[in-house]
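In case you want the letters, here they are:
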Amino acid sequence: NEHQLVSNNGRFVSYEINPHRGDGYLYVYDIEAAKSDSFPRGKDASFSFNSDYLVFKITPGFDTLRNCELKKIDKKKWPKDTLAIYLLELDSLIKIPLLKSFVVGEENNWLTYLKEDNNLSKSAGKAGKKEVKKRKKNKIELPKSDGNVLTLLDPIQRQKLEYTNVTDYTLSKNGKYLALVTHQKIKADSFRVMLVEPTINQTVDLKLTYTAVKNPTFDEREKWLVFQSSSDTNKLKRYTLNLLNIEKNDLNLEVIGDTASHFFPINQSVSE
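Residues numbered from 1 in each chain as written. Predicted model: local features only at pLDDT ≥ 70, side-chain atom pairs only at ≥ 80, totals over all residues. Heavy atoms only, no water.

Asker: Would you mind showing me how to read the side chain of N242 here?
Answerer: Tracing the sequence through the fold places N242 in strand β17 (residues 240-245). N242 sits in the buried class, given a relative accessible area of 4%. One polar contact links N242 to S229, side chain to side chain, over a distance of 2.8 Å. When neighbours within four sequence positions are excluded, N242 is seen to be in contact with L225, V226, F227, Q228, S229, L253, E254 and V255. (Helix = DSSP H or I, 4+ residues; strand = E, 2+ residues; numbered from the N terminus. Buried < 20%, exposed > 50% of the residue type's maximum accessible area, 1.4 Å probe, protein only. Polar contact = N/O pair within 3.5 Å; in protein donor to acceptor, adjacent residues only side chain to side chain. Contact = heavy atoms within 4.5 Å.)

Asker: In this structure, what is going on with the pairing of strand β8 (residues 92-104)? I would like to understand it.
Answerer: On a regular strand, each side chain points to the face opposite its neighbour's, so the side chains alternate between the two faces of the sheet. Sheet topology places strand β7 (residues 81-87) next to β8; 6 bridges connect them, and they run antiparallel. Of the residues in β8, the one forming a bridge with Y86 is L93. Between the end of β7 and the start of β8, which pair antiparallel, lie 4 residues, with D91 showing a positive phi angle near 55 degrees. Where β8 meets strand β9 (residues 111-115), 5 bridges bridge the pair, whose relative direction is antiparallel. (Pairing = 2+ DSSP bridges.)

Asker: Help me understand the environment of N9, please; the structure alone is not making it clear to me.
Answerer: Residue position: N9 is located in the loop between β1 (2-6) and β2 (12-17). Along the sequence, N9 and G42 sit 33 residues apart, while their C-alpha atoms lie 22 Å from each other. A distance of 2.6 Å separates polar atoms of two side chains, one belonging to N9 and the other to S7. Side-chain polar atoms of N9 contact the backbone nitrogen of R11, separated by 3.0 Å.

Asker: How do you make sense of the sheet that holds strand β15 (residues 212-218) when you look at a structure like this?
Answerer: Strands in a sheet are paired, the pairing made by backbone hydrogen bonds, and the direction either parallel or antiparallel. Taken together, 4 strands build an open sheet; the order of strands is β15-β16-β17-β18 and the sheet is antiparallel. Edge strands, defined here as strands with exactly one partner in the open sheet, are β15 and β18 (253-257). Adjacent strand axes in the sheet meet at a mean angle of 25 degrees, parallel and antiparallel pairs treated alike. The pairing of β17 with β18 spans 4 bridges and is antiparallel. Each residue of the ladder has a partner; that of L244, found in β18, is L253. (Axes fitted to C-alpha atoms, helices over the stretch in contact; angles between N-to-C directions.)

Asker: Looking at this model, I keep getting lost on the nonpolar core. Mind explaining?
Answerer: Taken as a class, soluble globular proteins show a tendency for nonpolar side chains to be buried jointly. Formed by 14 residues in total, the largest nonpolar core has its most connected members in V193, L195, V213, F218, L225, F227 and I246. At the level of elements, β12 (178-186), β13 (188-197), β15 and β16 (224-230) are the ones that each hand at least two residues to this core. Per-element tally for this core: the top contributor is β13, with 3 residues. Here L225 is in contact with A179, V193, L195, P216, T217, F218, N242, L243, L244 and I246, once residues within four sequence places are set aside. With 13 residues, the next largest nonpolar core counts W110, L161, L180 and M194 among its residues. (Core = buried A, V, L, I, M, F, W, Y, C linked by side-chain atoms within 4.5 Å.)

Rendered as structure tokens:
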């Protein structure tokens, strides 16, 4: 047995059984109903904060990946993981292909996931659909991006928000704010930081561009956002540590530390 989990309400248990070679299973046991379900190739499960869904990834089969390795296929062309959302009360499974990463809310019921794709889904909101139609009609060529589509989803309340060009993201502890790092290639790399309030679907652009942005992080009280940024054009970058007071709502950043900070040794800066 591996990766044992108990839901917050104590009703559900999840665990994996994986052989030394080959494909394993993810099991979910409902203690009240004395009922068990299993999912082949299920991995890295997490229960939602409200104990109403279980999310995990379904990996491609062992033999499939082994064949890709033996045939020396480029890893970019290997089969991707699938995101699985199991609605516990409804005994229903939702599958989403091309998974890159996912995070379950710490003290909120949001699920955040990044896909190996940068196109909005057909179920994107009205604003998203309108933007796509506008681009097609005007034949607008979008700048290239290293980012992907990020989705913020509450599968129980059926709330869904999508964002393109995302390279990094973090959700605050109670789910009040989502910080996004987006990327576009406009002559040089251009990274921006966006602050989202999911409950009112409001997005604020900090209106600053950098050649790199790393590690956006909220404090536990959801009053501050900190992130690292660089404006260096060379490959080896020196980072500045920035602090944003979200409550002030004036978008003014305070620099906590950079190469000019007196407490740093010469030519040193904040590490990643």
